[in-house]
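Tertiary structure, described
In case you want the letters, here they are:
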Amino acid sequence: MLTTHEEKEGEHPIWKKRLAALGAIGAMADGCGGEMSKNLDKIMGLVLPMLDDENVRVRHGAIYALAELCSDLPGKVQQSFAEPVLNALVAVYKTSSHRIKRYSLSALVNFIESATPEILGPFLGGLLQHLVNAFNTGDEYLQEAALNVISSMAEVAGPAFRDFYPALAPLLFAVVEDKHQNLHMKAKALQTATCIAACCDISTAHQSSVEQMGHSLLDLLQNLHHTEEETETLRIVLTSFGQLAQALGAHNFKPYLPQLLPILLENAAVRPDVSLTAKDEADETEEEEGWIYLDVQGQQVGVQTTHLEAKSHALDTLKTIGAVVGNGMQPWLDQLVDICVPLLKFYFDEGIRLASIQMIPILVAGYKDENSEVDNFQVNYINRLFKGLADLIQIENDPAILVELLQAWLASFLAFPHAISTSQVELMSKALKVQLKEVIIRADLERVELQAEGCPKSAEDGQPSEFMVAYELNRCLRELLRYQPDGFKLDEFLTNLTLATREEPYLRLFALRLMCDLIEFTGPACFSAISEYLPLLLAGIQDSEPFTRRVCSYGIGMMAAFGGDPFRPVAESTIPVLLQTVSLPPTSEFDVLARDNAVSALAKLIRQGIVDPSDNKTIAAWVLALPIEQDSDEMDAVWGLLLELIIREHPTVDPQASPTTGLHIVNSLYLAYHNPALPALYRDSIAQGLRTYITKFQDPTAAFQSLPDSVKFFISTVLSA
């Protein structure tokens, strides 16, 4: 009904009515995407003609509506209306005032950001021809808008954009070298250049050009140092350094560090002004511009915001560069530790705090030398970082920050699992127990509140943050179980297996994952501890929730691989259920992952002999359940078994006995080889397995006639390799 109304208003002779219709369309795009998508043809038929409206305000409104549709219906506008939208925006850009031109370029960015390389590719050259004209206008705002579009095009197009760099480079560096140009525009030009370098891999073909970017950025940074008025320009320069590091890689970027790091460290370490104000003065201080206030034990603690943006930008850049150069940061690591550990408690600015948290695993990994060894002095620094994280994990009550802290601790631990001290293991174990207890308390409170309100509790209840916290607690506990460092007491966590009986899915999943990890890392020894909960794990294979099915199927695989004799009868009892599970087509992405794990569990049961080796019916059913699609961790078990059956000439894979099965296997191997989830090291094995399997066909040419051309081409490529 509303779309019909907007159609009428869009054709109204009064320009205000047409503008109102466009405003309504733009507003509805956010929040009404489903309904808007159903009527997208009509909506675009209304909006696109008004880009050429006689009234400039209506043209402006049409650009606004189109920009909102591009961003709020991501992919839908791009997939169905790429050519008319881009042609219309280019027409506006060619004929309008500079103000409307800038606005059309902003809409173009919205379109590009939700496009794919395949959609954008055919239009790259034509768009760039029009964008380069902006550099001859003398309008800095228009030039900046054009640079934003070019950066977006490079990010989406990737390597396909590489061929356009030689034509763009002179224009970009002309801006940088113009003595009359301001620092901000120079920074924007370099940001675009480094964006292209990072996204399109031009560092080899245009090495001197990329080096010129680095030197120009250093010059700009020196000019901006200690200049508070250019905060946004400084952010652009620091972002560009991060992009340059990604383009050059560790070895080629290291020469810039001696000049860059001292400035970044100075900005990251700057201490903002702090004030302490009585509680009764809070109302006045909260109005003061340039200050942030927190209530701490009845007093207002204020921090001046003047240097916070530069501090935040410096930390973000250090994080990006550190992830690239690794131990190239070693000369500055101790300084960075001294800066970052106190900032873990910088509650005045969440961005600074998050950047500091995310820096910790980068710093820990930075202590690694080529032999992955550390000395005692470095171990002390590493354990200081562990302590900083574990102390906060124990007391953090913001779920989003807690997830970041747990992820940072885990990444740090995995970098040096044997460097952590006993006291730090004990501290982290205590922190995990405290936070798990808090998750349970929040679940109990939610249950009480729902009961008081007379509301039933459903499987969907529970905030997404609770699922994430429980999952990250699982991951940390899993790695402690794997390495079992001194100070880790497994018995203290076994009582949490009772959570498998809870209604809350995130608590139930925590216990089920813990069971899986116990089986994987302690084997038969854990049978007595978890035996009473095994019926819950078995029932979970057929649970309505795909997350639960995935975890429980994984657990059956662990029983087969690591459970030994105590778990063998339990694992064997699941064969009929697993066969039924893998026979059902998945209906969602999560179903696919659950099914992948069920197929993998069967593979482990077959390989371990829990499936009777003579049970050809079960093995044949498993073969027909292939391929698996998404879970890269299960690729080895699944494809390894299939290749083993081919080599052993198992009767279930004999193409002469069952031509249908033979073609299914060939197609499955084709899909496996081209699956992005398949680890690269398995591709050669898949190709060799296919070469071997083709020889089992009596007449391969005739047998493969019904296969798609893409599969036949792949076969010919494999055979000719």
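Chains are numbered independently. Their residues run from 1 in the order of the written sequence. In view of the model being predicted, local features appear only for residues whose pLDDT reaches at least 70, and side-chain atom pairs are presented and counted only at 80 or more, with totals across whole chains, interfaces and linings using the full set of residues. Heavy atoms from the whole structure form the basis of all side-chain values; hydrogens and water molecules are not counted.

1. Looking at the overall build of the protein
A run of H or I in DSSP counts as a helix once it spans at least four residues, and a run of E counts as a strand once it spans at least two, with each numbered from the N terminus. Helix and strand counts for the protein stand at 37 helices and three strands. Taken along its principal axes, the extent of the C-alpha atoms in the protein is 80 × 70 × 65 Å. The buried label goes to any residue with under 20% of its type's maximum accessible area, the exposed label to any with over 50%, and the partly exposed label to all in between, with areas taken from a 1.4 Å probe on protein chains only. Here the protein holds 721 residues, and 51% of them are scored as buried. Working rule for contacts: check all heavy atoms of both residues, and any pair within 4.5 Å makes them a contact. Put simply, of all contacts in the protein between residues at least 6 apart along the chain, 71% involve residues at least 24 apart. Looking at the protein as shown, the accessible area adds up to about 32,900 Å², and 51% of this sits on carbon and sulfur atoms. Shrake-Rupley sampling with a 1.4 Å probe provides the accessible areas, and residues are treated as covered by the protein chains on show and by no other component.

2. Concerning the pattern of salt bridges
Salt bridge, as used here: a side-chain nitrogen of Lys or Arg that lies within 4 Å of a carboxyl oxygen of Asp or Glu. This structure, assessed with the given rule, holds 24 salt bridges. Salt-bridge contacts for Lys-387 lead to Asp-391; the nearest nitrogen and oxygen are separated by 2.7 Å. Residue Lys-387 and its partner Asp-391 are located together in helix α20 (residues 376–395), separated by four residues, close to a single helical turn. When the shortest N-O distance is used, the salt bridge between Arg-502 and Asp-444 registers 2.7 Å. On the criterion of sequence distance, the pair formed by Arg-502 in the loop between α24 (491–494) and α25 (505–522) and Asp-444 in helix α22 (residues 422–452) is long-range, its members being 58 residues apart. What makes Arg-502 buried here is its relative accessible area of 16%. By sharing partners, the salt bridges in this structure join Arg-478, Glu-479, Arg-482, Asp-517 and Glu-520 into a single network.

3. Some remarks on the packing of aromatic side chains
Here a pair means two rings of Phe, Tyr or Trp (six-membered ring of Trp) with centres within 6.5 Å. Their orientation is stacked below 30 degrees between planes, edge-to-face above 60, and tilted elsewhere. Scanning all chains against the criterion turns up 15 aromatic pairs. Ring geometry for Phe-697 against Phe-704: centres 4.9 Å apart, planes inclined by 70 degrees, an arrangement best described as edge-to-face. Taken together, Phe-386, Trp-409, Phe-413 and Tyr-483 form an aromatic cluster joined through their ring pairs. Consider the ring centre and the ring normal. A charge sits over the ring if Lys NZ or Arg CZ is within 6 Å of that centre and within 35 degrees of that normal. The ring of Tyr-93 carries Lys-101 above its face, with NZ or CZ at 4.8 Å from the centroid.

4. What about helix α35 (residues 683–694)?
Over its twelve residues, α35 extends 17 Å from the first C-alpha to the last, a length consistent with the 16 Å expected when each residue adds 1.5 Å. Within the span of α35, buried status applies to Ile-686, Ala-687, Gly-689, Leu-690, Tyr-693 and Ile-694. Projected down its long axis, α35 carries its buried residues within an arc of 160 degrees, all on one side. Close packing links the buried residues of α35 with α33 (635–647), α34 (659–673), α36 (700–703) and α37 (709–720). To estimate the expected span of a helix, subtract one from its residue number and multiply by 1.5 Å. Working definition: the arc comes from the directions between the helix axis and the C-beta atoms, pointing outward to the latter.

5. A few points about the confidence of the model for the protein
Every residue is assigned a pLDDT by the predictor, reflecting its confidence on a scale from 0 to 100. On average, residues of the protein score 89 in pLDDT, and 91% of them reach the 70 mark or higher. Considering only residues more than four positions removed or in separate chains, one finds that residues 1–10, a stretch of pLDDT under 50, has 18 contacts.

6. Focus: helix α10 (residues 140–157)
The end-to-end C-alpha distance of α10, which contains 18 residues, comes to 25 Å, matching closely the 26 Å that a straight helix rising 1.5 Å per residue would cover. The element α10 is largely enclosed, with a buried count of 13 among its 18 residues. As used in this structure description, the phrase polar contact means that two N or O atoms lie within 3.5 Å; if the pair is within protein, one of them must be able to donate a hydrogen and the other to accept it, and residues adjacent in sequence are counted only when both atoms belong to side chains. Regarding α10, its N-cap is Asp-139, as a side-chain oxygen of that residue lies 3.0 Å from the backbone nitrogen of Tyr-141 further along. Positive phi appears at Gly-158, one or two residues downstream of α10, with a value of about 65 degrees.

7. Some words on the nonpolar core
Within the largest apolar cluster, 245 residues are counted, with the highest numbers of intra-cluster contacts made by Phe-161, Phe-253, Trp-409, Trp-622 and Trp-639. Looking at which element gives the most residues to this core, the answer is α25, with eleven residues. Non-local contacts of Phe-253, meaning those with residues more than four positions away in its chain, are made with Phe-241, Leu-244, Ala-245, Leu-248, Leu-260, Ile-321 and Val-325. In plain words, nonpolar cores are sets of buried Ala, Val, Leu, Ile, Met, Phe, Trp, Tyr and Cys residues tied together by side-chain atoms within 4.5 Å.

8. Considerations on the side chain of Asp-53
Assignment of secondary structure puts Asp-53 in the loop between α4 (40–47) and α5 (56–72). At 2.8 Å, the side chain of Asp-53 and the backbone nitrogen of Asn-55 are in polar contact. Apart from residues lying up to four places away in sequence, Asp-53 is in contact with Arg-18, Val-58 and Arg-59.

9. Some thoughts on the state of the cysteines
When the sulfur atoms of two cysteines come within 2.5 Å, that pair is taken as a disulfide. Evaluation of the coordinates by the stated rule reveals zero disulfides. A disulfide-free cysteine, Cys-526 has its sulfur positioned 10 Å from the sulfur of Cys-516, the nearest such atom.

10. Thoughts on the environment of Ala-146
Within the secondary structure layout, Ala-146 lies in helix α10. You can call Ala-146 buried: its relative accessible area is 0%. The spatial distance from the C-alpha of Ala-146 to the C-alpha of Arg-102 is 8.0 Å, given a sequence separation of 44 residues. The residues touching Ala-146, leaving out its near neighbours within four places in the chain, are Leu-105, Leu-131 and Ala-134.

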